[in-house]
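Residue-level structural notes
Below, each chain spelled out in residue letters.
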Amino acid sequence: MSPKIKGENLYSRSFVSRKWTFLLCFASFCFGIFFTDRMWNIPESNDMARPSVTEAERLKLISEGCGPKTLYQKEVKRDPQALFGEVSKTHNAIQTLDKTISSLEMELAAARSAQESLTNGAPVSNDVEKNQSPGKKRRYLMVVGINTAFSSRKRRDSIRTTWMPQGEKRKKLEEEKGIIIRFVIGHSATAGGILDRSIEAEDKKHGDFMRLDHVEGYLELSGKTKTYFSTAFSMWDADFYIKVDDDVHVNIATLGETLVRHRKKPRVYIGCMKSGPVLSQKGVRYHEPEYWKFGENGNKYFRHATGQLYAISRDLASYISINQHVLHKYANEDVTLGAWFIGLDVTHIDDRRLCCGTPPDCEWKAQAGNICVASFDWTCSGICRSADRIKEVHRRCGEPENAIWKATF
């Protein structure tokens, strides 16, 4: 074969080869596009992230011609307020949830405590059993416990003839107004002795005692206070629990109206708040054996309600009932109660109408339309010679007899 013919054949094969190469490349390119579209055009899943509202707004602003500077200024103007509002709402929601959880925990613990009290043979009021339907516990406004002693028969009789309703009126007070009033006393060192029998006879006549599983004694007032609140809480479900001494004059309707104002507040502690000196010297009245716990000599106690009359809300009575076995007792019962609440989130309400003086002090206030809740003499830590003088105090400072029936609680 001549060189010329051989060169033409080689040129022809090279031309054909280039044509096929081009066609194959083009076909591969088309096939690649087709294959890519098939693989990546997947329908949007519900689980895939979508632009947030803020991102959508940013895109809208950019499409409207707002530059980065304008966009930043708009966000600075809008976001702080929006963020503050959201943070505030979240904070309030957390606080509400926390209070709800705390309330439920306390309710559960209180129910367990009440169940344990019943299982262990704690006293149950006959009136409560009589007036309740099965499985339902009535809610009262307040339980007033009058702290008394074996030797205070004359004081109790003077209260029965003045500010404490008797017989059917007392039952009506409980049923219509939700107010329970009882003299509070434990038992003597020799249980079943003459002192206990005298109280049993008095209770049989009047039916106005609340007996405690407690040995009476002046130095045991802190323990008696703890037992009173725990027992009262297990016997009656009330909004408030009050402790008052048997040488103090009380206007029941005014007391009820005062407490109702604080009904919706949690953990309320009401009384005449004071802060007296811590007495370290032995032999003096109100001596505090554990004075060293309150700091250096000359220090004062923390704020607490004076012991003649104070009130606590239901959740605080529940707290005492649940923790009664671990609550520390100091020498003075009013200090002891204040100590139990010092580490809690408690609202202290200082109401001076709970510690008015005897006439003319309470009389002047009554004439001015500011009727006192309680009256006594500071010099005697109660009404001096109360068995003889409480009738006079009642005449001059007591609320009208029908005030309790007109009151709306």
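As the structure is a computational prediction, the values presented were derived from the model and not from experiment.

Look at helix α7 (residues 194–206): 19 Å from first C-alpha to last across 13 residues, which is about the 18 Å you get at 1.5 Å a residue. The inward-facing, buried residues of α7 contact α5 (153–160), β2 (179–187) and β3 (209–215). Positive phi appears at Gly-207, one or two residues downstream of α7, with a value of about 65°.

So, on to the pairing of strand β4 (residues 237–245). Along β4, nine of the nine residues are buried, which leaves the element largely enclosed by surrounding structure. The sheet contact formed by strand β1 (residues 139–147) and β4 spans eight bridges and is parallel. In the strand pairing of β4, Val-143 is matched with Tyr-241. Alignment of β4 against strand β7 (residues 304–313), held across five bridges, turns out to be antiparallel. Along β7, the bridge assignment pairs Phe-240 with Ser-313.

This part is about helix α11 (residues 333–341). Side chains three or four residues apart in an α-helix point the same way, a direct result of the helix having 3.6 residues per turn. Of all nine residues in α11, nine are buried; the element is thus mostly enclosed. Three or more residues of α11 are buried, namely Glu-333, Asp-334, Val-335, Thr-336, Leu-337, Gly-338, Ala-339, Trp-340 and Phe-341. As for α11, its buried residues are in contact with α8 (221–235), β4, β6 (268–274), β7 and α10 (314–323).

What follows concerns the layout of surface pockets. Taken as a whole, the largest pocket holds about 930 Å³ of empty space. What lines the largest pocket is a set of 35 residues, and nearest its centre among them are Tyr-218, Leu-221, Arg-285, Tyr-286 and Glu-333. Contributions of two or more residues to the lining of the largest pocket are made by α8, β4, β7 and α11. In terms of residue count, the dominant contributor to the lining of the largest pocket is β7 (four residues). Residue composition of the lining of the largest pocket, by class: 12 nonpolar, 12 polar and 11 charged.

Further remarks concern the packing of aromatic side chains. Scanning all chains against the criterion turns up nine aromatic pairs. With 6.4 Å between their ring centres and 35° between their planes, Phe-229 and Tyr-310 make a pair best called tilted. Of the two residues, Phe-229 sits in helix α8 while Tyr-310 sits in strand β7, which places them 81 residues apart along the sequence. Exposure class is identical for Phe-229 and Tyr-310. Each is buried. By way of ring pairs, the aromatic residues Phe-294, Tyr-301, Phe-302 and Tyr-330 are connected into one cluster. The ring of Trp-405 has Lys-172 sitting right over it, with the charged end atom 4.7 Å from the ring centre.

Turning next to the state of the cysteines. As used here, a disulfide is simply a covalent bond connecting the sulfur atoms of two cysteines. With the rule as written, the count across this model stands at four disulfides. In this model Cys-272 forms its disulfide with Cys-355; the gap between the sulfur atoms is 2.0 Å. Across the disulfide from Cys-272 to Cys-355, rotation about the S-S bond amounts to roughly -95°, and the bridge is consequently left-handed. A residue pair is termed long-range when its members are at least 10 positions apart, and Cys-272 in strand β6 and Cys-355 in the loop between β8 (347–350) and α12 (361–367) qualify at 83 residues.

Spatially, the seven strands line up as an open sheet ordered β3-β2-β1-β4-β7-β6-β8, and their pairing is mixed. Since the sheet does not close on itself, it has two edges, and those belong to β3 and β8, each with one partner. Each neighbouring strand pair of the sheet contributes to a mean axis angle of 25°, computed without reference to strand direction. Pairing between β6 and β8: four bridges, direction parallel. The residue bridging Gly-271 from the neighbouring strand is Asp-350, located in β8.

Position of Ser-188 among the secondary structure elements: in the loop between β2 and α7. Within the structure, Ser-188 has its side chain in polar contact with the backbone oxygen of Thr-190 (distance 2.9 Å). Of the polar contacts made by the side chain of Ser-188, one reaches the side chain of Asp-196; its length is 2.7 Å. Non-local contacts of Ser-188, meaning those with residues more than four positions away in its chain, are made with Phe-150, Leu-195, Asp-196 and Val-215.

Attention now moves to the nonpolar core. Judged by nonpolar contacts, the single largest core of 45 residues is most densely connected at Met-142, Trp-163 and Ile-242. Of all elements in the fold, only β1, β2, β4, α9 (252–260), β6, β7, α13 (386–397) and α14 (403–406) reach the threshold of two or more residues within this core. Residues within four places of Ile-242 in sequence aside, it is in contact with Met-142, Val-143, Val-144, Gly-145, Tyr-228, Leu-255, Leu-259, Leu-309, Tyr-310 and Ala-311. In terms of nonpolar packing, the next biggest core, distinct from the first, is built from 28 residues, Tyr-228, Tyr-241, Tyr-310 and Val-346 among them.

A few words now on the side chain of Asp-208. If you trace the backbone, Asp-208 turns up in the loop between α7 and β3. Asp-208 sits in the buried class, given a relative accessible area of 0%. Look past the residues within four positions of Asp-208 in its chain and what remains in contact with it is Arg-160, Met-164, Gln-166, Arg-170, Arg-182, Phe-183 and Asp-203.

The share of residues in the protein with pLDDT of 70 or more is 68%, and the mean pLDDT across the chain is 82. Low pLDDT (under 50) marks residues 120–134, which in the prediction has 17 contacts with non-local residues, meaning those over four places away or in another chain.

It is the contact of α5 with α13, at a shortest axis distance of 9 Å, that shows an interaxial angle of 15°. As the angle between them shows, α5 and α13 are arranged roughly parallel. Handedness of the crossing formed by α5 with α13: right-handed. Of the residues in α13, those in contact with Lys-154, Arg-155, Ser-158 and Ile-159 of α5 are Ser-386, Ala-387 and Ile-390.

About the thresholds
- All residue numbers refer to positions counted from 1 along the written sequence of the respective chain.
- Given that the model is predicted, a residue must reach a pLDDT of at least 70 before its local features are reported, and side-chain atom pairs must reach 80 or more before they are shown or counted; all residues, however, enter totals for whole chains, interfaces and linings.
- Side-chain descriptors were evaluated using all non-hydrogen atoms of the structure, hydrogens and water having been removed beforehand.
- Starting at the N terminus, helices and strands are each numbered in turn, a helix being any DSSP run of H or I of at least four residues and a strand any DSSP run of E of at least two.
- The span you would expect from a helix comes to 1.5 Å times its residue count less one.
- Contact definition: two residues touch when any of their heavy atoms are within 4.5 Å.
- Burial classification: accessible surface area is computed with a 1.4 Å probe over protein chains only, and a residue below 20% of its type maximum counts as buried, one above 50% as exposed, and the rest as partly exposed.
- Pairing between two strands is assigned when DSSP locates at least 2 bridges connecting them.
- In this analysis a 1.4 Å probe is tested at points of a 1 Å grid over the protein atoms alone, and where it fits but cannot get out there is a cavity; an open set with protein on both sides within 12 Å along at least five of seven lines is a pocket; lining residues have an atom within 4 Å of a point.
- Grid points are joined across faces, edges and corners, and a volume is the space filled by probe spheres set on the points.
- Classification convention: Asp, Glu, Lys, Arg as charged; Ala, Val, Leu, Ile, Met, Phe, Trp, Tyr, Cys, Pro as nonpolar; all other residues, Gly among them, as polar.
- Any pair of Phe, Tyr and Trp rings, taking the six-membered ring for Trp, is counted once the centres come within 6.5 Å. Such a pair is stacked with planes under 30 degrees apart, edge-to-face with planes over 60 apart, and tilted for the rest.
- Note on criteria: charge over ring means Lys NZ or Arg CZ within 6 Å of the ring centre, with the direction from the centre no more than 35 degrees off the ring normal.
- By disulfide we mean two sulfur atoms from cysteines, separated by a distance within 2.5 Å.
- Under this scheme, a helix contributes an axis fitted over its contacting stretch, all axes are lines through C-alpha atoms, and angles between N-to-C directions fall in the 0 to 180 degree range.
- Any pair of nitrogen or oxygen atoms within 3.5 Å is treated as a polar contact; in protein, a donor-acceptor pairing is required on top of that, and neighbouring residues in sequence qualify only through side-chain atoms on both sides.
- By nonpolar core we mean a set of buried residues, namely Ala, Val, Leu, Ile, Met, Phe, Trp, Tyr and Cys, connected to one another through side-chain atoms within 4.5 Å.
- Confidence scores per residue from the predictor, reported as pLDDT, run from 0 to 100.
- Angle categories are assigned with fixed cut-offs, so that under 35 degrees is roughly parallel, over 145 is roughly antiparallel, 65 to 115 is roughly perpendicular, and the rest are oblique.
- Rotating anticlockwise by less than a right angle from the far helix to the near helix defines a left-handed crossing, while the corresponding clockwise rotation defines a right-handed one.

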